[in-house]
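Below, each chain spelled out in residue letters.
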Amino acid sequence: ELPAEIPQTEYTLEERKRIEEIKTSIDFMDTQTTVQYGIGAQRHMTEFADSILQKVRSKDGGQVGELLSDLVIEIKSLDTDQLTDDIFSKIPFLKSAARSLKKLKERYTKAEVQIDRIEAELEKARMDMLRDIGTFDMMYQENLNCFRELELYIAAGKERITEIREETLPKLRSEAAASGNPMDAQLVKDFEDTIDRFEKKIYDLELSRTISIQSAPQIKLIQNNDRVLVDKIQTAILNTIPI
């Protein structure tokens, strides 16, 4: 569904030149015009949208959440305050205190192994997400490129349609009416049908442009989610574990 209103785009001199080149290439006498026009830009957008979908499907933020939960469980399992209280309460009884110290050491050793494993997995996840964050920057720029490319084709097509409807068609209708030849009238009708089909093609390009508009915030949302998780991982690695 098209947005209710898309702001008028300002074009650079280079883009304006490109629009004129595209307009010049539009040949309504060629039956392939309404089929092939802008198809490269559309295919580019479709493939790009598919790549975003694949990226979303491959994301597994739940794994990081599970690792952070496991880390909290391991840290809580130490219960160092309770063990310390037990040791000091048994100082007069050296054997009992020694057993408590040994128990504390064993618990720390066991927890250390698990925490080291979790830390390694978190670090790997952090590096993967940092790479993804950089990838999403490139994807955002690529989406912008797709959007601008579609914009140029849409602008060129609309301008060409306006020229045809305001200049060429009135002249062709007058000539057909003056000749009185049914074949001339049919040629004008065929030409009008071609213009109508071309307008529908422009509408298809506008739909592809809408996909690009909708993709931009999606890319940023996924990227921001990764940033939040990276911050949580770094807090765990740099603060929670050492403490």
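Everything that follows concerns the structure shown earlier in this document.
Quick look at the structure, then. Computed from a prediction, not measured in an experiment: that's the story for all the values here. (Residues numbered from 1 in each chain as written. Predicted model: local features only at pLDDT ≥ 70, side-chain atom pairs only at ≥ 80, totals over all residues. Heavy atoms only, no water.)

This paragraph deals with the overall build of the protein chain. Along the backbone of the protein chain there are 7 helices and 0 strands. Reading the protein chain from its N terminus to its C terminus gives the helix and strand order α-α-α-α-α-α-α. Counting all 243 residues of the protein chain, 33% fall into the buried class. Contacts in the protein chain between residues far apart in sequence, at least 24 positions, make up 87% of those at least 6 positions apart. Looking at the protein chain as shown, the accessible area adds up to about 15500 Å², and 55% of this sits on carbon and sulfur atoms. (Helix = DSSP H or I, 4+ residues; strand = E, 2+ residues; numbered from the N terminus. Buried < 20%, exposed > 50% of the residue type's maximum accessible area, 1.4 Å probe, protein only. Contact = heavy atoms within 4.5 Å. Areas by Shrake-Rupley, 256 points an atom, 1.4 Å probe, with all protein chains shown as cover.)

Here His44 is to be found in helix H3 (residues 39–58). A C-alpha to C-alpha distance of 9.6 Å links His44 and Asn143, two positions 99 residues apart in sequence. When neighbours within four sequence positions are excluded, His44 is seen to be in contact with Glu142, Cys146 and Glu149. A polar contact is formed between the side chain of His44 and the side chain of Glu142, at a distance of 2.5 Å. (Polar contact = N/O pair within 3.5 Å; in protein donor to acceptor, adjacent residues only side chain to side chain.)

Phe28, Tyr37, Phe48, Phe198, Ile202 and Leu205 are the most contacted members of the largest nonpolar core, which has 28 residues in total. When residues of this core are traced back to their parent elements, those giving at least two are helix H1 (13–25), H3, helix H6 (94–179) and helix H7 (182–240). Element by element, the count of residues in this core is highest for H6, at 12 residues. In this structure, Leu68, Val230, Ile233 and Ile237 belong to the second largest nonpolar core, which totals 16 residues. (Core = buried A, V, L, I, M, F, W, Y, C linked by side-chain atoms within 4.5 Å.)

Moving on: the environment of Leu122. Along the polypeptide, Leu122 turns up in helix H6. Taking relative accessible area as the criterion, Leu122 reaches 0% and is therefore assigned buried. Separated by 108 residues in the primary sequence, Leu122 and Val230 place their C-alpha atoms 9.2 Å from one another. For Leu122, the contacting residues outside a window of four places in its chain are Val64, Leu67, Leu68, Leu71, Ile233 and Ile237.

This brings us to the environment of Asp204. Within the secondary structure, Asp204 is located in helix H7. A sequence separation of 50 residues divides Asp204 from Ile154, and the C-alpha atoms of the two residues are 9.6 Å apart.

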